[in-house]
Amino acid sequence: MIIEIKKNHLESIASDCLIIGIFEDTKNLDLKEIDITDSLGTYLEDLIQATPSCSKYKEVTVIHNHHNIKTKKILLLGLGKKETFTLDKLCHISAIAIRKAQELSLLTIVSTLHLNSKIKKLGSLNEILKTITEGAILGSYNFSYYKSSEKTKEIKKLIFANCNNTSKELKPYIDEGIVIGESVNFTKDLVNSPANYLTIEKFASYAKEIADENNINIKILDENKIKKENMNAFLAVGQGSAQKIKLIVLKYIGNLIDEDLITFVGKGIMFDSGGLSLKGSANIYNMHHDMAGAATVLNAIAGIAKLKLKVNILAVIPCAENMPSGTACRPGDIIRSMSGTTIEIVNTDAEGRLILVDAITYAQKKEGATHLVDVATLTGACKVALGTDYSGVFTNDNNWLKKVLKASNKANEKMWELPCPDSYLDQIKSTFADLKNTGGRFAGASTAALFIGQFAKDVPWVHIDIAGTSDVEKTDGYNYKGATGVGTKTLIELAKDLQKPC
Ligand code: BES
Ligand code: MN
Ligand code: ZN
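Rules used in this analysis
Residues numbered from 1 in each chain as written. Chains lettered and ligands numbered in written order. Predicted model: local features only at pLDDT ≥ 70, side-chain atom pairs only at ≥ 80, totals over all residues. Heavy atoms only, no water. 1 Å grid on protein atoms, 1.4 Å probe; cavity = no way out; pocket = protein on both sides within 12 Å on 5 of 7 lines; lining within 4 Å. Points joined across faces, edges and corners; volume = space filled by probe spheres on them. Helix = DSSP H or I, 4+ residues; strand = E, 2+ residues; numbered from the N terminus. Nonpolar A, V, L, I, M, F, W, Y, C, P; charged D, E, K, R; others polar. Near = heavy atom within 4 Å. Polar contact = N/O pair within 3.5 Å; in protein donor to acceptor, adjacent residues only side chain to side chain. Areas by Shrake-Rupley, 256 points an atom, 1.4 Å probe, with all protein chains shown as cover. Donors = N, O, S within 2.8 Å, 3.2 Å for Na, K, Ca; no water. Tetrahedral: all angles 85-135°; square planar, octahedral: opposite > 155°, others 65-115°. Buried < 20%, exposed > 50% of the residue type's maximum accessible area, 1.4 Å probe, protein only. Contact = heavy atoms within 4.5 Å. Phe/Tyr/Trp six-rings, centres within 6.5 Å; stacked < 30°, edge-to-face > 60°. Lys NZ or Arg CZ within 6 Å of the ring centre and 35° of its normal. Axes fitted to C-alpha atoms, helices over the stretch in contact; angles between N-to-C directions. Parallel < 35°, antiparallel > 145°, perpendicular 65-115°, else oblique. Left-handed = near helix turned anticlockwise from the far one by under 90°. Core = buried A, V, L, I, M, F, W, Y, C linked by side-chain atoms within 4.5 Å.

Chemist: Looking at this structure, how should I read the layout of surface pockets?
Modeler: A water-sized probe rolled over the atoms picks out the places where empty space is left. Within this model, the largest pocket holds a volume of roughly 1300 Å³. Around the largest pocket, the lining is made up of 41 residues, and of these Asn283, Tyr285, Met287, Lys383 and Ala467 lie nearest the centre. No other element matches the three residues that helix α13 (residues 380–386) contributes to the lining of the largest pocket. For the lining of the largest pocket, a count of residues per class yields ten nonpolar, 20 polar and eleven charged. Taken as a whole, the second largest pocket holds about 600 Å³ of empty space. If you go around the second largest pocket, you meet 25 residues; those closest to its centre are Thr388, Asp389, Val472, Tyr478 and Asn479. Counting only elements with at least two residues in the lining of the second largest pocket, the list comes to α3 (87–103) and α6 (167–192).

Right under this line is the structure:
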């Protein structure tokens, strides 16, 4: 999709469709500020009077254009109430418009959303164009690689009309919207990919490609190297699968004088069958999504490199497939993690925490991580506690958490803190080993976090449990049925905030 900024009046730009946003409850329909001509203006005012529902939030009305404007169709977009409109809603609206245009094969689009005075008040023109662009990229997403016939046409061009600023001033913000939107879309692609296609090997080769394209340093440790590092918790999880585990380590250096190494760790379980503690058929479907944390972390570091942010980022991604077999680890097995702490595997379905703790120890001992954020589809309990709108966050350092929450707020990815207090440590103490990998029925998300926290030790650490938020059941606004790509934007925003002069 090519995105252009034009000074030309919207009526003089040839296009397949023109996008106009309409607020609810406005007598003066704001069409003047969008600079719509009298005849079209009167027509639209009549239409809106007769059909007030077209201004309801997320409502789309398609009108065939017979006015003196060089466009085929007009898409009227309901914006809802003025008082409650936000940048996040703008992002949804932009996505809805693009999806509709794509459905109707209207491939050249003129947008006027940025001209509306209420929308202008939400932020600078830069921010608004960035948001509309991001929404447009997200709205153009679909996952149809495996469909034999159904191929959606791609939007060719999105033009912001009536722009007084030069495109040189605005382009960086549009580019940022593109990078963020595309990073999220690629996270979704990886997560949506079926496990028979997206093997550990394939994931690693994507990581290599992405790293090479963006000047990111990459190391891929195979099973032998992982054995040499004594990452036995990680090894145990992968030992039942025909696919060999890999540890993917990426490093982006954007600031040579900054000593901080911000480290993202992502859970990369390519398929979670539960292992010998096999999941039931109701819970096993969609478990190819269990590498969402890994995809998020990979695309976040790539996005950060594309934006050339002045920070240093490490991404550590343990990849394994959790399968039952004659070589699988068993409930009751005791292993010694890389840190030296011994773990009794009580339930082989609590595998995420096992791979994460060795990855965290590796990040600290081998790479010198100074700050940690792990992202994982870790517990059904988190989904039960917070539902599908909020990811759970846990920390050992309130200042570090504050920074993550500030970033999530900017990214419009909702997060809610849950506790992981030492008072629950008893729940994960084992009779025969130092720790066990499950903590019983109560506070399952918290005891999982507490387990990971034992390995983060004194390094500032935030754990983001995305089990409830990593996918959605239906397409709505900027979300497309399936993976959401959640976390990608938060990590990019976090890196933006952590930049230092260099
Ligand atoms: N990958 C699952 C968590 C999950 C559940 C993600 C639902 C997305 C949707 C994780 O590995 C798991 O199986 N967790 C267990 C932990 C339990 C055995 C302590 C769970 O939540 O049931
Ligand atoms: Mn599991
Ligand atoms: Zn899992």
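And the narrative resumes.
Chemist: Which parts of the structure should I look at to understand the site of ligand 1?
Modeler: Around ligand 1, the surrounding shell holds 15 residues, and the nearest of these are Lys279, Asp290, Asp349, Glu351 and Gly380. In the model, an oxygen atom of ligand 1 is placed 3.2 Å from a nitrogen or oxygen of the Lys267 side chain. Here an oxygen atom of ligand 1 sits 2.9 Å away from a polar atom, N or O, in the side chain of Asp272. Computed on the free molecule, ligand 1 has an accessible area of 520 Å², of which 76% lies beneath the protein chains in the complex.

Chemist: Just to check I follow, could you spell out the coordination of the zinc ion (ligand 3) for this structure?
Modeler: When a metal carries six donors in an octahedron, the ideal angles between them are 90 or 180 degrees, while four donors in a tetrahedron ideally lie at 109.5 degrees. Every protein donor of the zinc ion (ligand 3) is listed here as Lys267 (NZ), Asp272 (OD), Asp290 (OD) and Glu351 (OE), and their distances to the metal cover 2.0 to 2.4 Å. Coordination at the zinc ion (ligand 3) is octahedral, judged from the six donor atoms that bind it and the angles of 79 to 173° they form at the metal. All donors to the zinc ion (ligand 3) come from one chain, and their sequence spacing reads K-x4-D-x17-D-x60-E. A separation of 3.2 Å is found between the zinc ion (ligand 3) and the manganese ion (ligand 2), both of which receive a donor from Asp272. With a gap of 84 residues between them, Lys267 in the loop between β9 (262–266) and β10 (268–272) and Glu351 in the loop between β13 (342–344) and α12 (352–367) connect regions that are remote in the sequence. Its relative accessible area of 1% is what places Lys267 among the buried residues.

Chemist: Before we go on, may I ask you to explain the side chain of Thr112 in this structure?
Modeler: If you trace the backbone, Thr112 turns up in the loop between β5 (108–111) and α4 (117–120). Contacts of Thr112, omitting those with residues within four sequence positions, involve Leu10, Leu18, Ile19, Ile20 and Ile34.

Chemist: Looking at this structure, how should I read the packing of aromatic side chains?
Modeler: Centre-to-centre distance and the angle between the planes together describe a pair of aromatic rings. Scanning all chains against the criterion turns up eight aromatic pairs. Ring geometry for Phe143 versus Tyr146: centroids 5.8 Å apart, planes at 45°, classification tilted. For Phe143, a relative accessible area of 18% corresponds to the buried category. Ring geometry for Phe186 versus Tyr206: centroids 5.9 Å apart, planes at 85°, classification edge-to-face. Of this pair, Phe186 sits in helix α6 while Tyr206 sits in helix α7 (residues 200–213), placing them 20 residues apart in sequence. The exposure class of Phe186 is partly exposed, given its relative accessible area of 26%. The ring of Tyr197 carries the charged tip of Lys202 above its face, separated from the ring centre by 3.8 Å. Directly above the ring of Tyr478 sits Lys489, whose terminal nitrogen or CZ lies 5.0 Å from the centroid.

Chemist: Any chance you could explain the packing of helix α11 (residues 292–306) against helix α16 (residues 488–497) here in plain terms?
Modeler: For any two helices packed against each other, the geometry is given by the interaxial angle and the distance between the axes. Their axes nearest at 8 Å, the elements α11 and α16 cross at an angle of 40°. The angle between α11 and α16 places the two elements in the oblique class. Handedness of the crossing formed by α11 with α16: right-handed. Every residue of α16 that contacts α11 at Thr296, Val297, Asn299, Ala300, Gly303 and Ile304 is listed here: Thr488, Leu491, Ile492 and Ala495.

Chemist: What am I meant to see in the nonpolar core here?
Modeler: One broad rule of soluble globular proteins: the nonpolar side chains tend to lie buried together. Ranked by size, the top nonpolar core spans 53 residues in total, and within it Phe203, Leu250 and Phe264 carry the most contacts. Ranked by the residues each element gives to this core, the list is headed by α11, at ten residues. Residue contacts for Leu250: discarding those within four places in its chain leaves Ala207, Ala211, Ile216, Asn217, Ile218, Leu298, Ile301, Ile313, Leu314, Ala315 and Ile317. Ranked by size, the runner-up nonpolar core spans 52 residues in total, among them Met231, Leu235, Ala236 and Ile335.

Chemist: How should the packing of α3 against helix α5 (residues 125–139) be read in this particular structure?
Modeler: Closest axis-to-axis distance for the α3/α5 pair is 7 Å, and the angle between their directions is 45°. One way to sum up the angle between α3 and α5 is to call them oblique. The crossing of α3 and α5 is right-handed. Mapping the contact onto sequence places Leu87, Leu90, Cys91, Ser94, Ala95, Ile98 and Arg99 in α3 and Glu127, Ile128, Thr131, Ile132, Glu134, Gly135, Ala136, Leu138 and Gly139 in α5. A per-class count over the contact of α3 with α5 returns nine nonpolar, four polar and three charged.

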